[in-house]
Amino acid sequence: MGVFDIIGPVMVGPSSSHTAGAARLGKMARVILGESPTEATITLYGSFARTYLGHGTDRALVGGLLGFAPDDLRIKDSLKIATEEGLTFSFVISEQAADHPNTAEFSLQGASGNRIGVTGRSIGGGQIVITKIDSFKVEITGDYNALITIHEDKPGIIAEVSRVLSQENINIAQMKVARQFRGAEAMMVLETDHSISKQTLDTVKNIYGIRSAIVILPL
Amino acid sequence: MLEIKYIADLVIAADNAGKKISEIVWQWECEQSGVLAESIWEKMQARLETIKISAYTGKQQQGKTFNGLVGGDAYRMAQTDQLLGGTVTRAVTYALSVSEVNADMGKIVACPTAGSCGIVPGALLATAELLKSDNDVIIKGLFTAAGIGTVIAKNASVAGAIGGCQAECGSAAAMAAGAVVEMMGGTPRQVSQAVALTLKNLLGLVCDPVAGLVEVPCVKRNGFAAAHALVGAQMALAEIESVIPADEVIEAMNQIGLALPSSLKETSEAGLAKTSTALSITARILK
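Residues numbered from 1 in each chain as written. Chains lettered and ligands numbered in written order. Predicted model: local features only at pLDDT ≥ 70, side-chain atom pairs only at ≥ 80, totals over all residues. Heavy atoms only, no water.

Enquirer: Tell me what's going on with the overall build of chain A, and back it up with residues and numbers.
Expert: Helices and strands together make up the secondary structure of chain A, namely 7 helices and 11 strands. The C-alpha radius of gyration computed for chain A amounts to 17 Å, which stays within 12% of the reference 17 Å derived for 219 residues, consistent with globular compactness. For the C-alpha atoms alone, the extent of chain A along its principal axes is close to 50 × 40 × 35 Å. Classification of the 219 residues of chain A by burial places 53% in the buried group. Of the contacts formed within chain A by residues at least 6 apart in sequence, a portion of 68% connects residues at least 24 apart. Counting only carbon and sulfur atoms, one obtains 47% of the accessible surface of chain A, whose full area is about 9600 Å². Charged side chains in chain A number 20 positive and 23 negative. The centres of these two groups are separated by 3 Å. (Helix = DSSP H or I, 4+ residues; strand = E, 2+ residues; numbered from the N terminus. Rg over C-alpha atoms; globule rule 2.2 N^0.38 Å. Buried < 20%, exposed > 50% of the residue type's maximum accessible area, 1.4 Å probe, protein only. Contact = heavy atoms within 4.5 Å. Areas by Shrake-Rupley, 256 points an atom, 1.4 Å probe, with all protein chains shown as cover. Lys, Arg positive; Asp, Glu negative; His and termini not counted. Charge placed at Lys NZ, Arg CZ, Asp CG, Glu CD.)

Shown next as structure tokens:
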């Protein structure tokens, strides 16, 4: 924690958790999709579900999907801008209890047909955690550079990825591996202190057993 | 490396170095972030620019915010200063303005939170106008406020959901009071007295917003708390001392926050949020 956590963040109001955090969730979902979304269904839980209209949470989530930062004044008009930019969206208000009161679940389709599910929570002060990508449980805060891989669940792949990173002098801050079941696909999230170049990403993609890999910049 | 855990740490570090608390906090931020001192200063300067825009726009705006609950009060407040005098009137006006901008999805600097974002700007900008001081004085004030806020966040909380409104508007008023004392030429000890006096008198304040929105009572409370901060600052400058020291007041706030039921901590399940007027507003806005 530093002085700019107290005198900050700079944000569009009215709420750091329900507006700024929501914008970051949307932006992170867009980054994980890897392209501009054309279709979005967003399910809201808990306090998000109850108070989203009054806090502009819907506008912030959609603004984030359009790539707007939490201090972007266009957030207020994002629902209109989304329609202009070819993003069709709908909201589902869930009565179900969630693990955390401020949870949003995105089901996205991108311009090139990519489909992905992203779930995240807004944990206060504009901070967020992405907790699920498709069926994989993850933990991504957006505070770090991150590398996400989908790979075959077999020995040696994780070691090979970390070898590539260490060769480039990239320090791993946090790491989490999840799989659907033994021998199926697995997902790895590596949060790093240093940025990951396009070249390093390509090297990772070429590792035998890696199905796909993306890099996420800090929000 | 400099450790800032308590208000007393700030006072001792400043006294030992013959510096102001703002300088100690600036130096601490350099050490703990590894960022150059000038870059940190420039970043704070940029935040001040955003703060100023949000503090000055409300005076011209008479319309309601998009939920229709608040708006136009900064404008109304600016029309007369016959009772409170210029400085307090301006502090309240600016605090209302920043909070109205926040409620209307405009750009603000959370300070320490969005719900309490008008208090530090209101008190500091009004004081700077009184002193005819330049931006540098206000930026130093923001560092002092940040140091106080850091201590409160470490030992209690600045989140309404955890500590109630005392943690948001109480903390913001304490931050503002300490910063104003330093801007007025007060000593580090007087800064800590302003923190103690100001926070002490907002202890127990609950967070019971109508319809869960950052509007009622939040916007007007920002105005009240800005004036409250100036009272605390003037008491400290007059050498009035709090019987309970600042760090103990902060711990008391922490304990009170823990003891408050969750219905009074940003859940809108009690208090103002359950009045009949609030319930009809809730039904209208949240459908």
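Resuming the write-up.
Enquirer: Residue-level account of the sheet that holds strand β3 (residues 88–93) of chain A, with values.
Expert: Backbone-to-backbone hydrogen bonds pair the strands of a sheet. The strands run either parallel or antiparallel. Residue and element names in this part refer to chain A. With mixed pairing, the 6 strands of this open sheet are ordered in space as β3-β2-β4-β5-β6-β7. The open sheet has two edge strands with one neighbour each: β3 and β7 (136–140). Averaged over all pairs of adjacent strands, the angle between strand axes in this sheet comes to 20°, irrespective of strand direction. Seen against the sheet, helix α3 (residues 46–55) touches β2 (37–45), β3, β4 (102–110) and β5 (115–124) and runs at an angle of roughly 110° to β2. In this fold helix α4 (residues 57–65) packs onto β2, β3 and β4, with an angle of close to 145° to the strand it touches most, β2. (Pairing = 2+ DSSP bridges. Axes fitted to C-alpha atoms, helices over the stretch in contact; angles between N-to-C directions.)

Enquirer: Give a detailed account of the pairing of strand β8 (residues 145–152) of chain A, specifying residues and quantitative values.
Expert: Residues and elements named next belong to chain A. Most of β8 sits out of view: 7 of its 8 residues are buried. Summarising the sheet, β8 and strand β11 (residues 210–216) pair through 6 bridges and their orientation is antiparallel. Opposite I150, over in β11, you have S212 as the bridge partner.

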